[in-house]
Structure formats: structure tokens, C-alpha cells
Amino acid sequence: MSMTNTIVKLDIEALNAEFADLGFQERIQRLYEYFPVDDVLFTSSFGTKSVVMLTLVSRGNAKQKVHMLNTGYHFPETLAYKDTLSEITGLEVVEILPDAERHQQTLDAEMWDAQPARCCHYNKVLPLKAVKAEHVVWMSGVHSYQTMNRAAMRIFENVDGLIHFHPLIDITEGEFLYHLEKDKLPRHPLEAQGYGSIGCHHCTRPGQGRAGRWAGKDKDECGLHVS
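Residues numbered from 1 in each chain as written. Predicted model: local features only at pLDDT ≥ 70, side-chain atom pairs only at ≥ 80, totals over all residues. Heavy atoms only, no water.

Draft legend 1. Spotlight on the sheet that holds strand β6 (residues 162-165). What the four strands build is an open sheet, ordered β1-β4-β6-β5; its pairing is mixed. The strands lining the two open edges of the sheet, one partner per strand, are β1 (40-42) and β5 (156-159). Taken over all neighbouring pairs, the strand axes of this sheet differ in orientation by 25° on average, direction set aside. Inspection of the sheet shows strand β4 (residues 137-139) paired to β6 by three bridges, in the parallel sense. Opposite Met 139, over in β6, you have Phe 165 as the bridge partner. Sheet contacts for helix α7 (residues 116-132): β1, β4 and β6; angle to β1, the most-contacted strand, approximately 155°. (Pairing = 2+ DSSP bridges. Helix = DSSP H or I, 4+ residues; strand = E, 2+ residues; numbered from the N terminus. Axes fitted to C-alpha atoms, helices over the stretch in contact; angles between N-to-C directions. Contact = heavy atoms within 4.5 Å.)

Draft legend 2. Local environment of helix α3 (residues 50-60). Burial within α3 is extensive, with nine of its 11 residues counted as buried. Within α3 the residues assigned to the buried category are Ser 50, Val 51, Val 52, Met 53, Leu 54, Thr 55, Leu 56, Val 57 and Ser 58. On the buried face of α3, the contacting elements are α2 (24-34), β1, β2 (66-69), α4 (76-89), β4 and α9 (173-182). (Buried < 20%, exposed > 50% of the residue type's maximum accessible area, 1.4 Å probe, protein only.)

Draft legend 3. Focus on the packing of aromatic side chains. Scanning the entire structure with this criterion turns up seven aromatic pairs. With a centroid separation of 6.5 Å and an interplanar angle of 40°, the aromatic rings of Tyr 34 and Phe 35 are classed as tilted. Owing to a relative accessible area of 41%, Tyr 34 belongs among the partly exposed residues under this scheme. For the pair Phe 156 and Phe 165, a centre-to-centre distance of 4.8 Å together with 25° between the ring planes defines the contact as stacked. Under the relative-accessibility criterion, Phe 156 is labelled buried at 1%. Aromatic ring contacts, followed pair by pair, group Phe 19, Tyr 34, Phe 35, Phe 156 and Phe 165 into a single cluster. The ring of Tyr 122 has Arg 102 lying over it, and the distance from NZ or CZ to the ring centre is 5.7 Å. (Phe/Tyr/Trp six-rings, centres within 6.5 Å; stacked < 30°, edge-to-face > 60°. Lys NZ or Arg CZ within 6 Å of the ring centre and 35° of its normal.)

Draft legend 4. Molecular detail of the environment of Leu 185. Mapping Leu 185 onto the fold places it in the segment after α9. Each C-alpha atom, one on Leu 185 and one on Thr 55, is 8.7 Å from the other, the two residues being 130 residues apart in sequence. Excluding its chain neighbours within four sequence positions, the residues that come into contact with Leu 185 are Val 51, Val 52, Thr 55, His 179 and Leu 180.

Draft legend 5. Representation of the packing of helix α5 (residues 100-108) against α7 within the structure. Here α5 crosses α7 at 150°, and the two axes come no closer than 9 Å. Classified by the angle between their axes, α5 and α7 sit roughly antiparallel to one another. As α5 packs across α7, the resulting crossing turns out to be left-handed. Residues Arg 102, His 103, Gln 105 and Thr 106 of α5 form the contact with α7, whose participating residues are Cys 119, Tyr 122, Asn 123 and Leu 126. Of the residues in the contact of α5 with α7, the class split is three nonpolar, four polar and one charged. (Parallel < 35°, antiparallel > 145°, perpendicular 65-115°, else oblique. Left-handed = near helix turned anticlockwise from the far one by under 90°. Nonpolar A, V, L, I, M, F, W, Y, C, P; charged D, E, K, R; others polar.)

And the structure:
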């Protein structure tokens, strides 16, 4: 892999200016004019907002692998949905597993209840950190309307030497629904039961938008998308 991680702030500004007026599909396709596919880390949670991004990426570059953080606490429906979307899109899924000892600590202490941030750190943040170090670009399907933190994100950002690429950051809820309906894409099985956003089963409840994530706790991000 060519670790061409020499992008400076001016280059990021130029990329943002170039990509701003492109459509979502065009943004993803053009990314590969700048970076080879092996330099790009694409992650997905296979949640309620994942299928549009997965579909666009599969059309943009069928060789792109999709990494999923398997925390050990996913709903069975999410794992089944992962298999369904992998089959539909043709994208190869690579699971990232947490350190077994740290994961066991979260289980023994029921850490998701008293220390949810630490639980996320052990099962998500640390496992992904090692994988991020092997890539130049991290592509994810975050939307600006989801949280206050994401509202401040741009298409390209340079975070600690890693280029973050958010091709759908400025998509509206209406545009997202349009893509779902236009392509007749399958929804997450739990969405029909009132789950607007889906993570680990301990910390996810039915609710509109992300209201069901870490309900009752002062937390709306797992830590992956907080610089």
C-alpha cells in the first residue's frame, strides 16, 4: 500500500471545493481517481442508514471491501441484514473483532451500563484504530443531521494524519428516502419495530432518529466519529 499520506490543509480545501458540487455517486467514483482502492478503508454499521451508502460504493468500485466492527453485542437481525446487503451489493465484508480479553472485561462488568464510553472504546475505537493505521482514507456514511458533532463535519477532513471522507455528509433525510425508494432497497428488519438507529443491543432502544441510542445517558456517539 502506498502510504501517500502527505495531504496538507490546502489540499483538503481543494478537495472539498472540487467535491462540493458533485452528486453522491460522483463523489465516490471520483475518490478512486485520487486514491487506489487498497488505500481506502470503508466502514459500515449495517444499521438503518447503511444500505444507501453500501449501494453507492458497490457501484463506484466493486473491489472496495467493507469493514464492520463486530462488537459481539449486535442484534441477530443486524448480522442477518449484513449478509443480505453483502449478497445484494456484492461487496466483501471484513469483520473487525475487539481484543478478546478487553471484550470479556466489558461482559463481566456489564460495562455498557455503568461505563458505556469505555465499553465502546474497548469494542469499537481500539479495534478500528489498528485498521485505520493501515489506510490513507477512511470513508464512512455519516449524515450531518444525525448529531451535533456530525453537523460540523465536511466532505474531507484531515484527522491525525488520516483523511476522513464523508460523501453523504450533506444528504437530507428526504434525499436519503428518495434513494431508498428509487432503488427499492431493503430496510433493516428492526426499523419496522420503531428502531430509528441501531447499534449494540444493550444500548439501543426504539426511538425516532438516534433517540434510542444510549437512551437516558449523556451520550450520542460511540467515539468513532469524534476527533
